[in-house]
Protein chains: 2
Amino acid sequence: MENEINVLLYGLGAIGRRIAKAVLEKKGLRIVGAVDISKEIVGKDLGEILESNKRVGVTVTDDVDALLSKIKANIAIIATTSYLKDVCPQIEKCVKAGINVISTCEELSYPYYKYPQLSNEIDELAKKYGVTVLGTGINPGFLMDTLPIVLTGPCKEVESIKVTRMMDSSKRRISYQKKIGTGLSPEEFRKMIDEKKITGHVGLVESIAMIAEALGWKLDEIREFPPEPVIAEKEIVTSYTTVKPEFVAGLKSIAHGIKNGKAVIILEFISHAAVEEEYDAVSIEGTPKIYEKIAGGVHGDIGTVAMIINMIPKVLNAEPGLMTMKDLPLPSATPEDMRVYLQMKR
Amino acid sequence: MENEINVLLYGLGAIGRRIAKAVLEKKGLRIVGAVDISKEIVGKDLGEILESNKRVGVTVTDDVDALLSKIKANIAIIATTSYLKDVCPQIEKCVKAGINVISTCEELSYPYYKYPQLSNEIDELAKKYGVTVLGTGINPGFLMDTLPIVLTGPCKEVESIKVTRMMDSSKRRISYQKKIGTGLSPEEFRKMIDEKKITGHVGLVESIAMIAEALGWKLDEIREFPPEPVIAEKEIVTSYTTVKPEFVAGLKSIAHGIKNGKAVIILEFISHAAVEEEYDAVSIEGTPKIYEKIAGGVHGDIGTVAMIINMIPKVLNAEPGLMTMKDLPLPSATPEDMRVYLQMKR
């Protein structure tokens, strides 16, 4: 690194664009490349896509290989997909170009449970090229894993952990409201679940596996239940649609980490248009008991973008390999001027 | 390390004894030495001091040098004093014997602000002997530094942080109630403050300095106010004494981290016998705002002991040097059987 941290943006969907804006707002971060597959934006200046009036001077490309042969980046931010198998080739390209990676890919947040072999391969590749790879975001990455893990720090003994995320989906992006089935009939909802067009929250399994690993727990199994519709009792008007009574207001995703036949890690993700009080809560049964709550919850998109940006210095300073949030130093907000981190290792 | 982590206990006061009990409860931790200066306990078996019926087979000694020449320990737990200057020679002895150190010493939690030179000396010495030194506990170490730092992780921007610890002192040890001036007249309280017989909470300055460093903030100054008495409105009966109306129920310690003339980090430690609701709260003004609260608070003694035990594997696995909580991976509870950590570096 010279006088700025060089950033490659990989994926410019809704979250990728928010990340791009956040990167542009920080001093000390310079965007040296922008990749996306969407024909509508390839060839355009990044500023145009961000609907800002300012030209960024970086043209969106779909030719990663050509770009990687030209640029020198310190960190690639990959915001393309939730699934490890899809993001893996993208990670590989960056790693082989000697670029550290932070990704919003939910399954990358703790990939060792679902994909132990692939995780080890990524870890070895990263070590070979001397770079660090991390998956993070607000959830997975913070609310249902990092924060509950930290909250067990003052516990002499932990019997069980329950985490609840209660979100008012009517405040969220229209595409998000659609994704969780808002306004559908219960039959339509079930059909879309069966067809995997509604997936519920991706990351519960990863969060459970990360908590268990942090606590040194061997689980019998991780059980993820299919998302359940939350049915509207009365008409609800949202920015996306009007939900009629008896129709779907949103959904509830639940997963359990089972130890000795008992659900010891319970994650509840509840997101619908009739939520009265938003919050994020962690309840730890143990010695001592810890009942923690963030009133109003944490905004998902803002939180994810912040986590990605704020983990940049931790990743630049980490040992090479595939890391997870539990392996890195405490997350923390970064100052407006990130040049304070220029002394990092890579 | 062979088949157990060898622990040296240094300091067997109220907290030291609680730590000793916790160490004995964990599989995989073996006490190889116990040090204290109190003539009443030197020469006795540790089990006798802990008022357990079980002989531990470790005799308390006040001759550290002789002990260190005989034993081989992986970690020393120093629970002797709040002040760095007093604990420094003890740390030095352990480090020179090649033993990692975790201490309850409040000023060690973030010593770089008050004692930059001494901190660098400890850091260099630890590096020279290839061991890690950490100061931690519930507060400082967790509630007013680690936890607020972690909670800024999902923040794009932080304007200010306020942390409040509201404690019902009547539930605490008698020695603690005495220490905070419970039952004194306001005049007696002020006199004891002037004579430094009542010090208030030690650690506010360290917690502020750690938060500022984590956030990359340069503070104008850290301002610690003298502890203020909290006056009883009606008679309060505690396990220690009866507080008459207009007498001291406890105290309030406040410190500010000032940036650009504004208090941007505000720590409030409130502990008295008339507290109706115990809690630990963190309020972050920024984007997004985060209002977090642990209902009922976290028990100080249990939390400190747990933090000390739970940080053992992180310290054993860390790079050599003087570390603070912000430099180490996420704190987390440890399982009953700590032999899972035998693969650690040291």
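Given the structure is predicted, the values throughout are model-derived calculations rather than measurements.

The rules behind each value
Residues numbered from 1 in each chain as written. Chains lettered and ligands numbered in written order. Predicted model: local features only at pLDDT ≥ 70, side-chain atom pairs only at ≥ 80, totals over all residues. Heavy atoms only, no water. Least-squares fit on C-alpha atoms with pLDDT ≥ 70 in both. Contact = heavy atoms within 4.5 Å. Core = buried A, V, L, I, M, F, W, Y, C linked by side-chain atoms within 4.5 Å. Buried < 20%, exposed > 50% of the residue type's maximum accessible area, 1.4 Å probe, protein only. Axes fitted to C-alpha atoms, helices over the stretch in contact; angles between N-to-C directions. Helix = DSSP H or I, 4+ residues; strand = E, 2+ residues; numbered from the N terminus. Parallel < 35°, antiparallel > 145°, perpendicular 65-115°, else oblique. Left-handed = near helix turned anticlockwise from the far one by under 90°. Nonpolar A, V, L, I, M, F, W, Y, C, P; charged D, E, K, R; others polar. Buried area = accessible area lost by both parts, 1.4 Å probe. Salt bridge = Lys/Arg side-chain N within 4 Å of Asp/Glu carboxyl O. Polar contact = N/O pair within 3.5 Å; in protein donor to acceptor, adjacent residues only side chain to side chain.

Novice: With reference to specific residues and values, describe the relation of the copies chain B and chain A.
Specialist: The transform that puts chain B on chain A rotates by 180 degrees and translates by 0.0 Å along the axis, for an RMSD of 0.0 Å. What we have between these two chains is a two-fold relation. Every residue of chain B has its C-alpha some distance from the rotation axis, and the shortest such distance is that of P329(B), at 2.1 Å. Looking at chain B, 100% of its interface residues are interface residues in chain A too, so the copies touch through the same face.

Novice: How would you explain the nonpolar core if you had to name every residue and give the values?
Specialist: By size, the foremost hydrophobic cluster in this structure holds 167 residues, and its most contacted members are L9(A) and L9(B). Each residue touching L9(B), except ones within four places of it in the same chain, is listed here: I19(B), A20(B), V23(B), I31(B), G33(B), A34(B), V35(B), L46(B) and I77(B).

Novice: Could you give me a rundown of the packing of helix 1 (residues 14–25) of chain A against helix 10 (residues 300–310) of chain A, with the residues and numbers involved?
Specialist: The geometry of a pair of packed helices is captured by two quantities: the angle between their axes and the separation between those axes. All names here are of chain A. Their axes nearest at 10 Å, the elements helix 1 and helix 10 cross at an angle of 55 degrees. Considered as vectors, helix 1 and helix 10 are oriented oblique to each other. The crossing of helix 1 and helix 10 is right-handed. Taken together, the residues of helix 10 that come into contact with helix 1 (itself represented by I15, R18, I19, A22 and V23) are D301, I302, T304, V305, I308 and I309. Here the contact of helix 1 with helix 10 is built from residues that sort into eight nonpolar, one polar and two charged.

Novice: Describe in detail the interface of chain B and chain A, supporting the description with residues and values.
Specialist: In this complex, chain B contributes 45 residues to the contact, which on the side of chain A involves 45 residues. Summed over both sides, the interface between chain B and chain A buries roughly 3,500 Å², with carbon and sulfur atoms accounting for 66% of that surface. Considering only the side of chain B, the residues that lose the most area to chain A are P154(B), K156(B) and L330(B), jointly responsible for 18% of the buried surface there. Where chain B meets chain A, there are two salt bridges. Ionic pairing is found between K156(A) and E25(B), a salt bridge with its closest N-O pair at 3.1 Å. Seen at the junction of chain B and chain A, the total is 13 residue pairs in polar contact (both at pLDDT 80 or more). Class assignment for the residues of the side of chain B that touches chain A results in 28 nonpolar, nine polar and eight charged.

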